[in-house]
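The residues making up each chain are set out below.
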Amino acid sequence: MVRRGAVFLGAALLMASVVPCVPADAAGRPAVRVGSEVEFPPYAFMRDGKLVGYSIDLIEAVAETMGLDIESSTGTWDAQWDALVAGRLDVLPIVAILPERRSLVEFSVPHTRTFDAFFVAKGRPPIHSLQEAENLEIVVMRSDAAHHALLERGFRGRLVPVATIPEGLALVAAGKHDAFLGSKLIGVMAIKTHGLRGLKPGPPIREYERVFAFGVKKGRRDLLERLNEGLLIVNTNGEYDRIYGRWLSFDDPWRKLEKHLLPAAGLALAVVLLAGLWLVLLRREVAQRTAALKRSSRALEALGRCNEAVVRAIDEPALLESVCGTIVSVAGHRLAWVGYPVDDERKTVRPVSSAGCDDGFLKEADITWADDERGRGPEGTAIRTKAVDLCRDLVRDPRMAPWRSRAARCGYASAVALPLCAEGRVLGALTIYSGGTDAFDEGEVAMLRELSENLAFGIASLRARSERAATLKELARSNAELEQFAYVASHHLKEPLRTITSFSQLLARRYGGRLDAEADEFIGFTVEGAATMQRHIDDLLSFSRARALERSIAAVDCERVLSEALSGLKAQVDESRGRVAHDPLPVVQADACRLQQVLQNLVANALKFRGERPPIVHVSARRTGDDWVFSVRDNGIGIEPRHFESIFRIFHRLHPKGEFPGNGLGLAICKQAVEAQGGRIWVESRPGKGSTFYFTIPARA
């Protein structure tokens, strides 16, 4: 059985505007690597040598809507899944959402739902649940949702993974195993397509439901957001209904019901013609069904508009106001409001947004989420239990005693409260009051539950974005203050240090050799310490200036920049008897001053940290994707891998002061200069085998 995903989640589109980072084809349209299995009818299968099916039509419609080109790949399910997890594919269009898969791939909003069933050989009793299958040999398609579901639930029987659904069904038909567990719809299709005999499907398994979505390569949030937007568009413009009707409507239970209703309607008409009583009953039934259909239609429209509000929301109060207003104006309910739990002594529920006929109800309601008289209404119960709470008749429900008279004056007759939960935490409750008793049927409650889940996700995302922005702002302010302090402190220390240095040197010249040896040693320590401190302050000023320097991006000839950097290192090259070579270097868009500083520091380090052989340094650059990757390779003493991160920290040294000169600021300045231009820097090295420092510069147009 398949249930349509008629309205899609919009919360995944809450992130900032999409940046098209997917590769582009020759026509300039982004290209997406899409995989699909070939034995998964009616979702994906081969027909006359061409891959067709529901998931193929759906991903192609979304791709066309969003201006994406598809690069297709086909194979068995487990091979395609492994390719997606490994990053060789960007999208699988039909993947069941399971908790253990969320750490491996990203999921779009759901687009289809279905149930599994056990297929057994004819003559054997059907299997109704996972519990009945314990201690049996169950065949599953490898890495399929059924496979993962049984593993997750600690299944105690024997699992037999196979590559395809037809292969697994054939094993059960041959009597080699007890049953095959998989999608009921797909299994029935496979039996018909492959002419398998001697099999029968059992009833749908209710312990879990397959919720299908697009599976997206981990980390590709940009692509995920575009696919979510595309799903919303194809659903809104009717394209989804066309695709669904072509491939899946035959399994829609409502369509099956229509086949039985038509003859029944003819018989009912004959009965109505014969008896007026039947006419009255039929009219009443039609009126009830029409009213239910109108309610469902309004709820569906409200859900769509609320999802759109979640997508477009930029702040929490506006989002709540829009959702409450839509529920009242579109769905036709009398009051919709959102309350947040307060962690005070009374456990108060604080109204934060509402729309509709209030007449002071919320102001005087005094609702709590404690397990007491004022906390057992729908709102408090939903917050306390994290479950939907439905009050079908406010007048007769004893829990509503504290609010019954006020609710009656406002025209409220029934209510539903839906918890707003995100990451296991209750943010609040969305409560809706209606003017009729028993106004919320099962279908509308299901849609409202989906709405509340989307709203909770939207609230959590907006809060996370706000907290992240505040953190970044505070971090930037703290960094700026720290840099200013370092610059000012270093600058003010230079003058008194210059005085100490001058007088220490004067004392050494005037009294050196005239006092005893110990005094000369003390004077030497003073002069050396002052000189060391002077170098530290000069380096600290350089570090502060490097970050404070305004970024100036322009076309830079890297050949010329390297030449200027090497001219400042000539004495060091001659003293070390070293050699610096380079490949042809490009013209890039960069900050020339910072780029020269990076190259000069890296080459200087290569000359300094040398072994017994004369140093050999090689500089090169290559274009990789959206970056220029520069490398500075040497034959020096090398670095242990455990120090690869720490060497870029300010004042960090790996060697005793007397072994190599310097204050440990060179690589920190390099890191700062590279990151200021939007790049990154790292090292690859082995002790005694030399080092290669890499850094990137964005390849700007």
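Residues numbered from 1 in each chain as written. Predicted model: local features only at pLDDT ≥ 70, side-chain atom pairs only at ≥ 80, totals over all residues. Heavy atoms only, no water.

### Quick word on the overall build of the protein chain
In terms of regular secondary structure, the protein chain is built from 19 helices and 27 strands. When the 701 residues of the protein chain are sorted by exposure, 45% land in the buried category. Of all intrachain contacts in the protein chain linking residues separated by at least 6 positions in sequence, the fraction that spans at least 24 positions is 69%. Total accessible area on the protein chain stands at roughly 35,300 Å², and carbon and sulfur atoms take up 54% of it. (Helix = DSSP H or I, 4+ residues; strand = E, 2+ residues; numbered from the N terminus. Buried < 20%, exposed > 50% of the residue type's maximum accessible area, 1.4 Å probe, protein only. Contact = heavy atoms within 4.5 Å. Areas by Shrake-Rupley, 256 points an atom, 1.4 Å probe, with all protein chains shown as cover.)

### Considerations on the packing of aromatic side chains
Under the defined criterion, the tally for this structure stands at 14 aromatic pairs. Centre to centre, the rings of F361 and Y433 are 5.5 Å apart; their planes meet at 70 degrees, and the pair counts as edge-to-face. A residue pair is termed long-range when its members are at least 10 positions apart, and F361 in helix α11 (residues 361–365) and Y433 in strand β20 (residues 425–434) qualify at 72 residues. Grouping residues by exposure puts F361 and Y433 together as buried. (Phe/Tyr/Trp six-rings, centres within 6.5 Å; stacked < 30°, edge-to-face > 60°.)

### Description of helix α3 (residues 145–152)
Burial within α3 is extensive, with six of its eight residues counted as buried. A145, A146, H147, H148, A149 and L150 are the residues of α3 that are buried. Buried residues in α3 make contact with β7 (91–96), β10 (116–121), β11 (137–141), β12 (158–162), β13 (179–183) and β15 (210–217).

### Digging into helix α2 (residues 77–86)
Turning to α2, its buried residues are W77, D78, Q80, W81, A83 and L84. In this structure, the buried side of α2 is in contact with β2 (31–37), β6 (69–75), β7, β8 (105–107), β11 and β15. The positive-phi residue at the C-terminal boundary of α2 is G87, with phi of around 90 degrees.

### Quick word on the nonpolar core
One finds Y43 and L227 to be the most contacted residues of the largest nonpolar core, which totals 60 residues. Counting residues per element, this core draws most heavily on helix α1 (residues 54–65), at six residues. (Core = buried A, V, L, I, M, F, W, Y, C linked by side-chain atoms within 4.5 Å.)

### Some remarks on the pairing of β7
Within β7, six of the six residues are buried, which leaves the element mostly enclosed by the surrounding structure. Relative to β15, β7 is paired through four bridges, and the arrangement is antiparallel. When the bridges of β15 are listed, V95 appears paired with A213. (Pairing = 2+ DSSP bridges.)

### Comments concerning empty space enclosed by the protein
To find leftover empty space, a probe the size of one water molecule is rolled over the atoms. In the structure shown here, the tally under the stated rule is two cavities of 30 Å³ or more. Size it by volume and the largest cavity reaches roughly 50 Å³. Around the largest cavity, the lining residues are E37, F40, W77, I94, V95, A96, R101, M141, D144, A145 and F212. Looking at the lining of the largest cavity element by element, the count peaks at three residues for β7. Counted by class, the lining of the largest cavity contains eight nonpolar, no polar and three charged residues. In this structure, the second largest cavity occupies an estimated 40 Å³ of space. Of all the elements in the fold, those that place two or more residues in the lining of the second largest cavity are β2, α2 and β7. (1 Å grid on protein atoms, 1.4 Å probe; cavity = no way out; pocket = protein on both sides within 12 Å on 5 of 7 lines; lining within 4 Å. Points joined across faces, edges and corners; volume = space filled by probe spheres on them. Nonpolar A, V, L, I, M, F, W, Y, C, P; charged D, E, K, R; others polar.)

### Details of the environment of S434
One can find S434 in strand β20. Overall, S434 belongs to the buried group, its relative accessible area being 8%. Counting along the chain gives 42 residues from S434 to R392, while the straight-line C-alpha distance between them is 9.7 Å. The residues contacting S434, other than those within four sequence positions of it, are H333, R334, G411, Y412, A413, S414, A439 and F440.

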